[in-house]
Amino acid sequence: MTCDMPVEPEEQKKISSEDLQKVGEWLKSIDLSQERAKVIDPDTEKLINGMSFIDPGQLKHPYTL
Amino acid sequence: MCQYRIVDYSIDNLCQIISDENRISISSLKQKLHIVYLESYFNELNAKTIVVEKDYIDKDYSEDYAAYYARSFKPYKRTCVRLHFFSRRFDKSSFEPILTNNSEIELTNDYVGFIVVKPLPQTILGRTCLRTYPNVGARFFNFIRPYKVNLYGLELSVDSIAYQEQDSIVAACASSAIWSAFQATGLLFQHSIPSPVEITKAATIHFPYANRHFPNKGLNSEQMAHAIRNVGLDPFLITAVNYDIIKATTYAYQRAKIPMVLGFMLSNFVKGIDIGRHAVTITGYRMGVNRSGFVGQDFYLKSSKIEKLYCHDDQVGPFARMEFSRADNRLTTSWMDESKYIGNIVAKPEIIIIPLYHKIRIPFEIILNIVYRIDGLFKLIKTNVAFNNGLNINEIEWDIFLNSNNDFKSEIRLSGELNEADKLVVLTNGLPKYIWRAIGSIDDEKIEFIFDATDIEQGEIFIRLVPYSQNLTLLMKTIANNINIDDIESIQLAKIFRALRS
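Being a predicted model, the structure only gives us computed values, none of them experimental.

Enquirer: Just to check I follow, could you spell out the overall build of chain B for this structure?
Expert: Secondary structure summary: chain B contains 14 helices and 21 strands in total. Radius of gyration (C-alpha) of chain B: 25 Å, near the 23 Å computed for a compact globule of 502 residues. Taking the principal axes of the C-alpha coordinates as reference, chain B spans close to 80 × 60 × 40 Å. Burial statistics for chain B: of 502 residues in total, 46% are counted as buried. Long-range pairs, those at least 24 residues apart, make up 64% of the contacts in chain B with a sequence separation of at least 6.

Structure representation (structure tokens):
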């Protein structure tokens, strides 16, 4: 085995217990309600939540062709 | 008298047969978009031979005939012609020994399907069951079913979903689209499949002033909803104004083998004029390889890879392509403009109507919203916590779809990604008839959330995690154990983290 042998992909991706500990500490230190605005786009959320809202006028349009 | 003919397939021969049977000029037949479409479709299916079965009694046409044509002054024929297509060349001398079981030739694998030709002056395509496009690797037709055919004692079968052209009398485009959708839901949810005339009657019975039952000039969404309720299903309407919503919805429900009706405005984009509204049945989709973010966000859904829809368009043909290639949320169509050019008529989607089993109560948007928030949380963590390795949890791709309990467990049973103990726990866990599945994948790491699709929205819809990846499972548990649940705005997300706390 040589020192420049590539690290196994499995090892590269593994989340270590140290990483998990950092995640836990960070989560305890933040106010999530303040942080979420950084990743939740209100327009996207509105689009998702409004998917099944139908304008009542639209219900009357006949599909005729 | 001989009741059948065998003809070498060519589009000219096909037109000649229809012309002979229906007394339509070949030139007017060739103007029909269906014929243009079928020519290219049969080339893809490699059709070689047509068997013409005369005096065929078709159930759906018989219903239409009894409801309308039987009472016309002009006599219309009661029987149809059924055309069978084969991808093998043969003639009468080789076919008759096959019929009498005196031949080694086996036609089962060469059967491409059939078209019932109605004895009407213009709208001739009755029940049509043709094989789907080949190369199913990237194309998905999730609810095709076997249609058994008995041709003079010869048992044949074609995997398809039935199609027919509207006759503009007893049915308009919407009735035909619903009829095709019922071909799948009838088998899946065990309901009777009404004929187009019965669909139109059920749709219009409560709307005496909307338009005449017959001749019928079209249905609106409310009328389509009535037709769906009439077979015991619940119509679920989605606003289809955004590409990614159409893709995500199509994928989510079609994975559970549920078809849908797409309503749109047709426009000539060169001239900038609207032509009118039209409805089709979405019968399949084609996945590409390039991933793109949902509505331009870095939120990746597998469904966003859909490039094309395949639709039963009663004015074009079965499995007609509609492509998501335009930047303005319009789909391409195979419609011709007035100069017979295909490519200028585009579809601006408006609504999707999904005929659902009444117990499928949790809509897709609830699950999509939960997953959007989980994905956002992963991104926050990745941005704020310096990991020692390269697992890019902010790049996760989500595969969200409805599934039956049975299909889910069959898949888990055959999965090589779960260890025996976890597999047994998941398999022996009691589950509702339908579940929502949200599978997050990044490289070879995978995690799955399953939700009860039959519960009520304020209920505990989260069922469990499927721990394909130890890394992502541990990460979820770490989040659950350390997050301040009172800070979580989404009630359902808070319930997930409470359930995961150990």
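Past the structure itself, the notes keep going.
Enquirer: Explain the sheet that holds strand 21 (residues 462–466) of chain B here, please?
Expert: Whenever strands of a sheet pair, they do so through backbone hydrogen bonds, lying parallel or antiparallel. All names here are of chain B. With mixed pairing, the five strands of this open sheet are ordered in space as 13-18-19-20-21. Of all the strands in the sheet, the pair left with one neighbour each is strand 13 (300–301) and strand 21. In this structure, strand 20 (residues 445–452) lies alongside strand 21, joined through four bridges in antiparallel fashion. Within strand 21, the position partnered with F449 by the bridge is L465. Set on the sheet, helix 13 (residues 470–482) makes contact with strand 19 (434–442), strand 20 and strand 21; between it and strand 20 the angle comes to about 55°.

Enquirer: Looking at this structure, how should I read helix 9 (residues 243–254) of chain B?
Expert: In an α-helix, one turn spans 3.6 residues, which is why side chains three or four residues apart end up on the same side. Residue and element names in this part refer to chain B. Look at helix 9: 16 Å from first C-alpha to last across twelve residues, which is about the 16 Å you get at 1.5 Å a residue. Counting buried positions along helix 9 gives twelve out of twelve residues, so the element sits mostly inside the fold. Looking only at helix 9, the buried set comprises Y243, D244, I245, I246, K247, A248, T249, T250, Y251, A252, Y253 and Q254.

Enquirer: Just checking my understanding: could you explain the nonpolar core for this structure?
Expert: Nonpolar side chains tend toward joint burial in soluble globular proteins. All names here are of chain B. The biggest cluster of nonpolar side chains holds 158 residues, and the ones touching the most others in it are I178, M224, M260, L262, I367 and F451. Here the element with the most residues in this core is helix 10 (residues 364–384); it accounts for twelve residues. Those residues in contact with I178 that lie beyond four places of it in its chain are I199, M224, A227, I228 and V261.

Enquirer: Would you explain the confidence of the model for chain B in this entry?
Expert: This prediction gives chain B a mean pLDDT of 92; 97% of its residues lie at or above 70. Listed scores for the predicted complex are pTM 0.93 and ipTM 0.86.

Enquirer: Can you walk me through the sheet that holds strand 4 (residues 111–117) of chain B in this structure?
Expert: Residues and elements named next belong to chain B. Spatially, the five strands line up as an open sheet ordered 1-2-3-4-5, and their pairing is antiparallel. The open sheet terminates on both sides in strands that have one partner only, identified here as strand 1 (4–8) and strand 5 (125–130). Within the sheet, the average angular offset between the axes of one strand and its neighbour, ignoring direction, is 15°. Alignment of strand 4 against strand 5, held across four bridges, turns out to be antiparallel. By the bridge assignment for strand 5, F114 is matched with C129.

Enquirer: Hey, could you run me through the interface of chain A and chain B in this one?
Expert: The parts lose accessible area when they come together, and the size of an interface is often stated as this lost area. The interface of chain A with chain B comprises 41 residues on the first partner and 57 residues on the second. At the level of elements, helix 1 (9–13), helix 2 (17–29), helix 3 (32–35), helix 4 (42–49) and strand 1 (62–63) of chain A are the ones that each hand at least two residues to the side of chain A that touches chain B. Among the elements that make up the side of chain A that touches chain B, the one with the highest residue count is helix 2 of chain A (nine residues). Note that strand 1 of chain A and strand 9 (residues 219–220) of chain B share two bridges and pair antiparallel. Following the sheet pairing, P62 of chain A is matched in strand 9 of chain B by N220 of chain B.

Enquirer: Is there a simple way to think about the domain arrangement of chain B in this case?
Expert: Split into domains, chain B comes out as domain 1 (4–165), domain 2 (235–356) and domain 3 (364–500). Computed over C-alpha atoms, the centres of domain 1 of chain B and domain 3 of chain B are 47 Å apart.

Enquirer: Which parts of the structure should I look at to understand the packing of helix 4 of chain A against helix 10 of chain B?
Expert: Packed helices, taken two at a time, are described by the angle their axes make and the gap between the axes. Between helix 4 of chain A and helix 10 of chain B, whose axes approach to 9 Å, the crossing angle comes to 160°. Comparing the axis directions of helix 4 of chain A and helix 10 of chain B gives the class roughly antiparallel. On helix 10 of chain B, the residues touching T44, E45, I48 and N49 of chain A of helix 4 of chain A are E365, L368, N369 and Y372 of chain B. For the contact of helix 4 of chain A with helix 10 of chain B, the per-class residue count stands at three nonpolar, three polar and two charged.

Enquirer: I'm lost on the packing of helix 2 of chain A against helix 13 of chain B in this one. Help?
Expert: Between helix 2 of chain A and helix 13 of chain B, the shortest axis-to-axis distance is 9 Å and the interhelical angle comes to 30°. Taken together, the axes of helix 2 of chain A and helix 13 of chain B lie roughly parallel to each other. For the pair helix 2 of chain A and helix 13 of chain B, the crossing hand works out as right-handed. Two secondary-structure elements touch here, helix 2 of chain A through L20, V23, G24, L27 and K28 of chain A and helix 13 of chain B through L474, L475, T478, I479, N481 and N482 of chain B.

Rules of the game
- Residues numbered from 1 in each chain as written.
- Chains lettered and ligands numbered in written order.
- Predicted model: local features only at pLDDT ≥ 70, side-chain atom pairs only at ≥ 80, totals over all residues.
- Helix = DSSP H or I, 4+ residues; strand = E, 2+ residues; numbered from the N terminus.
- Rg over C-alpha atoms; globule rule 2.2 N^0.38 Å.
- Buried ≥ 20, exposed ≤ 12 C-beta atoms within 10 Å, placed from the backbone.
- Contact = placed C-beta atoms within 7 Å.
- Pairing = 2+ DSSP bridges.
- Axes fitted to C-alpha atoms, helices over the stretch in contact; angles between N-to-C directions.
- Expected span 1.5 Å × (residues − 1).
- Core = buried A, V, L, I, M, F, W, Y, C linked by C-beta atoms within 7 Å.
- pLDDT = per-residue confidence, 0-100.
- Domains from an automatic or database assignment.
- Parallel < 35°, antiparallel > 145°, perpendicular 65-115°, else oblique.
- Nonpolar A, V, L, I, M, F, W, Y, C, P; charged D, E, K, R; others polar.
- Left-handed = near helix turned anticlockwise from the far one by under 90°.

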